[in-house]
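# Chains, contacts and geometry: an overview
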Amino acid sequence: MQRSVPRPPLRFSTQTLLLQLAVVLLVVLLSATVHAWLTYDRVGSDAENQALTLARTVASDPQVRADVLAISDQPGTPPPGELLAGPLQSAAEAARTRTGALFVVITDETGIRLAHPDPQRLGEKVSTDPSEALSGQEITTRNTGTLGPSAGAKVPVYAPGSTTVVGEVSVGYSMETVAQSVARDIGPVALTAAGALLAGILGSFLLRRRLQRLTLGLEPEEISTLVHDQVAVLQGVDDGVIGVSADGRVSVFNAAAQRLLELPDLSGTRWEDAPVPQQLKSLTRTAAGAVAVPGAVTVPGTVIVPGTVAVPGAVTAAGSAGPAVDALELVAGGRVLVANARKALHRREDLGWVIMLRDRTELQQLTRQLDAVGTMSTALRAQRHEFANQLHTLAGFLGIGQHQEARDYLARLAATGPLKFPVDQAELLQDPYLQAFVGAKGVEADERGVALRIGPETLVRGQVTEAQDVTTVLGNLIDNAVNAAVAGSSTERWVELEVLDEPADDGGTLHIVVADSGDGLAGGTDAEGVFAEGFTTASGPVRAGGGQGFGLALARQLARRRGGDVKVLERGTRGGPGAVFMATLPQTTAGKPAAATPGAAGKDENG
């Protein structure tokens with residue numbers, strides 16, 4: 001026995017369409033029914049009023065009043081033949097024929113018919129209750145009598161010159177005639193109802209298409225799953241994700257983007273009005289397939305469909321990847337960020353832009369530290385070879401019996417120390433971290449033919465507590481100075497560094513001054529312009545993604561974030577000396593300075 005394959009459930013949009021059609025049909029039918037009933041009631045009321053008017057006219061005729069009074073005063077009721085030939089029957093039939101009424105009936109004070117359209121009914125008691133009319137009241141009625149259903153009225157007949165009721169007049173119009181009038185009016189009602197039903201069906205189909213477009217053809221269960229996944233992914237990644245919808249509003253601004261840009265959630269804000277760096281806005285203004293920015297590097301992008309999930313380097317099932325815009329580097333909130341944008345497309349429909357932000361600050365700092373470690377390793381390897389040669393020399397002296405020469409050689413080695421950095425007066429930097437870092441920079445500068453020296457005003461007696469910020473600012477200034485010295489026209493290439501700590505109870509301030517033998521700032525260069533993002537004096541091709549043009553900008557932002565600053569003290573001249581930069585870094589050292597000895601002071605003065 002084969003198991004029946006279960007029918008797939010109807011799509012949500014189809015269910016919605018069927019429900020809308022059912023509601024529209026129900027509303028149209030109810031409206032048509034109510035309208036038809038109101039029309040029927042209105043036509044019936046008009047028939048009642050017409051019957052009342054005719055009944056009043058007949059009952060007020062003086063001849064009718066006199067004839068009814070005459071018959072009422074006689075003992076008994078005249079026979080039907082006499083009534084048929086009498087004046088009351090003639091008057092009633094004339095009124096009925098003239099107005100198209102179903103019947104015009106005249107009775108005496110006991111309800112006996114004195115006039116009736118059916119001669120066989122003359123002399124009989126009326127089939128409906130005449131008591132209200134005989135009591136002097138005018139009434140309208142809808143009932144079924146001997147001639148069928150009718151809408152009519154009953155009016156009392158008064159004796160001439162008196163208020164004594166001597167009979168009543170009943171007038172009725174056939175309800176079949178009323179129904180025919182309603183049938184004539186129901187045609188426009190039916191056409192209106194059909195038009196309303198057609199408009200409702202068309203509107204339902206249009207709403208179904210719009211619903212499919214808004215939900216990208218997804219079912220509610222799929223949308224719910226995607227929303228949960230989106231929240232989990234967007235809030236779980238370390239990369240910043242900014243979604244800009246096709247109408248120019250921020251649709252996604254995850255926690256990582258808020259942290260990297262130091263901004264609140266901007267969801268719902270117009271992208272052009274958002275307080276984000278202009279470089280990010282320029283990414284979305286770049287047309288698809290535009291020429292790449294020189295020196296930029298393309299980073300795998302991300303496609304994110306509003307209401308769906310997107311992860312770096314992936315394309316969602318509901319969307320497809322648009323052309324990627326080349327990445328750029330920018331400084332924001334004291335961080336070096338790499339940003340790139342990509343168009344989000346779904347079945348050729350433009351859904352907007354997705355901007356990815358990646359933090360390169362820690363990578364650059366780690367790279368700088370690794371460069372320093374590599375330089376130190378190279379210097380240590382060179383020293384290892386030098387120590388090996390010295391040991392061989394010492395072994396030679398001992399081997400040939402030159403013991404005094406060996407002792408003198410050892411004394412000279414002890415005086416010079418085991419490791420010598422090519423940095424003059426490095427001992428003025430009493431912090432070991434600064435000594436090692438500046439020493440490594442000295443080895444690196446020496447390899448490029450630049451002498452790194454410590455200025456005579458240098459004196460650091462405390463311990464560096466914020467090594468990361470200090471090395472970032474100091475390393476950028478030294479690297480720029482070495483580059484300027486190498487590119488300068490002076491034959492004597494040097495970089496001079498002066499560092500002074502200013503103790504304080506809540507953390508000392510580190511003052512750094514860096515000068516070089518380069519040609520200074522180029523003519524026309526604004527002293528503040530060198531701190532703009534992207535400004536660089538590096539010669540030759542710029543390495544893609546290498547971070548050139550961001551060192552001074554990042555150094556200044558780090559210093560200002562701590563309450564300090566980085567600025568140009570002197571612009572320098574061509575042929576040397578070059579530009580002089582000064583950095584102030586508050587709350588970066590700790591420890592009270594020891595009392596200075598005369599010997600140390602003399603050493604400082606004598607260089």
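Look above for the structure.
What comes next is a walk through the structure. Note that this is a predicted model, so its numbers are computed, not measured. (Residues numbered from 1 in each chain as written. Predicted model: local features only at pLDDT ≥ 70, side-chain atom pairs only at ≥ 80, totals over all residues. Heavy atoms only, no water.)

### Observations concerning the overall build of the protein
Within the protein, the secondary structure is distributed over 15 helices and 17 strands. The buried share among the 607 residues of the protein stands at 41%. Restricting to contacts in the protein with at least 6 residues of sequence separation, those with at least 24 account for 62%. (Helix = DSSP H or I, 4+ residues; strand = E, 2+ residues; numbered from the N terminus. Buried < 20%, exposed > 50% of the residue type's maximum accessible area, 1.4 Å probe, protein only. Contact = heavy atoms within 4.5 Å.)

### Re the packing of helix α2 (residues 62-73) against helix α4 (residues 87-99)
Put simply, α2 and α4 touch, their axes get as near as 10 Å, and they point 140 degrees apart. One element, α2, and the other, α4, form an angle in the oblique class. Considering the relative orientation of α2 and α4, their crossing is left-handed. Facing α2, whose interface residues are V64, D67, V68 and I71, α4 presents P87, L88 and A91. Residues that form the contact of α2 with α4 fall into these classes: 6 nonpolar, no polar and 1 charged. (Axes fitted to C-alpha atoms, helices over the stretch in contact; angles between N-to-C directions. Parallel < 35°, antiparallel > 145°, perpendicular 65-115°, else oblique. Left-handed = near helix turned anticlockwise from the far one by under 90°. Nonpolar A, V, L, I, M, F, W, Y, C, P; charged D, E, K, R; others polar.)

### Topic: the pairing of strand β12 (residues 451-454)
Of the two faces of β12, only one is covered, namely that formed by L452 and I454; the face formed by A451 and R453 stays uncovered. In this sheet, strand β14 (residues 494-502) lies alongside β12 in parallel orientation, the contact comprising 4 bridges. Of the residues in β14, the one forming a bridge with L452 is V495. (Pairing = 2+ DSSP bridges.)

### Examining helix α12 (residues 432-447)
Relative to the 22 Å expected for 16 residues at 1.5 Å per residue, α12 spans 23 Å between its end C-alpha atoms, a close match to the ideal helical length. Its side-chain oxygen placed 2.9 Å from the backbone nitrogen of L434, D431 serves as the N-cap of α12. Directly beyond the C-terminal end of α12, a positive phi value near 85 degrees is found at G449. (Expected span 1.5 Å × (residues − 1). Polar contact = N/O pair within 3.5 Å; in protein donor to acceptor, adjacent residues only side chain to side chain.)

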